[in-house]
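Notes for the structure review
Residue-level listing of the chains:
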Amino acid sequence: GDFYDEMRDYFYLAQLRSQGEDTTEDRQVSGAIPLDEVPDMLRALGYYPSNFDVRDLVHEMSRKDKDHVTFEELVRLYVNYKPVAGVSQAQIEAAFEALGAEQMTGIITASSLISQLKRIGEPLSDQELTKCVEALTGGKLSGKEDFTAATFAAQVLGFGSEEAP
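Bear in mind that the values here come from a model prediction, so they are computed numbers and not experimental data.

Here we come to the packing of helix H5 (residues 89–98) against helix H8 (residues 149–156). Look at H5 against H8: their axes get within 9 Å of each other, and the N-to-C directions meet at 115°. H8 is crossed by H5, and the crossing has right-handed handedness. Judged by residue contacts, Gln89, Ile92, Glu93 and Phe96 of H5 engage Ala149, Ala150, Phe152 and Ala153 from H8. Among the residues forming the contact of H5 with H8, the class breakdown is six nonpolar, one polar and one charged.

This is how it looks when you write it as structure tokens:
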């Protein structure tokens, strides 16, 4: 279908990227992409693996003495690693609770949220976290904003009510 065609297009683009987008030399279409292109391929397809997942995926392929991945292998990796279900509103609420949102109101301030994100989970540098926040919010946070799980899902993640019930 359409998704398969899109996946194949991204695969060909990854082949071109790996050879240098601005090259004037003849292209060598080998039917495989370098292993280091796989995480960006998965992201282009809507799956955003954590750094841990990327390490696991690369380790899996490295154990097979692979430094390149064919299209069929990429499809297999995508199917095996991408979660079947998306993130639910209940999961976002549980994450907010774990990050220290007030129990009665469910509110967490932006500064508290950023502080917790720096402390818990996958390590992000200040620069990486700032870049992520700016990309998600369309600008900088003052730190005084308040979020509930529902407002965060709608305003920051861009989920509609049907996406995060």
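Here the narrative resumes, following the displayed structure.
Evaluation of the coordinates by the stated rule reveals six aromatic pairs. With a centroid separation of 5.5 Å and an interplanar angle of 75°, the aromatic rings of phenylalanine 11 and phenylalanine 71 are classed as edge-to-face. On the criterion of sequence distance, the pair formed by phenylalanine 11 in helix H1 (residues 2–18) and phenylalanine 71 in helix H4 (residues 71–81) is long-range, its members being 60 residues apart. Phenylalanine 71 shares its class with phenylalanine 11; the two are buried. Above the face of the phenylalanine 71 ring, arginine 8 is positioned so that its terminal group lies 4.0 Å from the ring centre.

Right, let's get into the pattern of salt bridges. Tallied over the entire structure, the rule returns six salt bridges. The salt bridge involving lysine 64 is made with glutamate 60; its shortest N-O contact spans 3.9 Å. Relative accessible area serves as the criterion here: at 21%, glutamate 60 is assigned to the partly exposed category. Note that glutamate 73 and lysine 66 form a salt bridge whose closest N and O atoms lie 2.6 Å from each other. A relative accessible area of 13% means that glutamate 73 is categorised as buried. A residue is classified by how much of its surface remains accessible, and lysine 66, at 27% relative accessible area, is partly exposed.

Here the focus is the environment of glutamine 155. With respect to the helices, strands and loops of the structure, glutamine 155 is situated in helix H8. By relative accessible area, which is 56% here, glutamine 155 ends up exposed. Sequence separation between glutamine 155 and glycine 106 is 49 residues; the distance between their C-alpha atoms is 16 Å. Look past the residues within four positions of glutamine 155 in its chain and what remains in contact with it is Leu136 and Phe147.

Parameters at a glance
Residues numbered from 1 in each chain as written. Predicted model: local features only at pLDDT ≥ 70, side-chain atom pairs only at ≥ 80, totals over all residues. Heavy atoms only, no water. Axes fitted to C-alpha atoms, helices over the stretch in contact; angles between N-to-C directions. Helix = DSSP H or I, 4+ residues; strand = E, 2+ residues; numbered from the N terminus. Left-handed = near helix turned anticlockwise from the far one by under 90°. Contact = heavy atoms within 4.5 Å. Nonpolar A, V, L, I, M, F, W, Y, C, P; charged D, E, K, R; others polar. Phe/Tyr/Trp six-rings, centres within 6.5 Å; stacked < 30°, edge-to-face > 60°. Buried < 20%, exposed > 50% of the residue type's maximum accessible area, 1.4 Å probe, protein only. Lys NZ or Arg CZ within 6 Å of the ring centre and 35° of its normal. Salt bridge = Lys/Arg side-chain N within 4 Å of Asp/Glu carboxyl O.

This is a description of form; function is not addressed.
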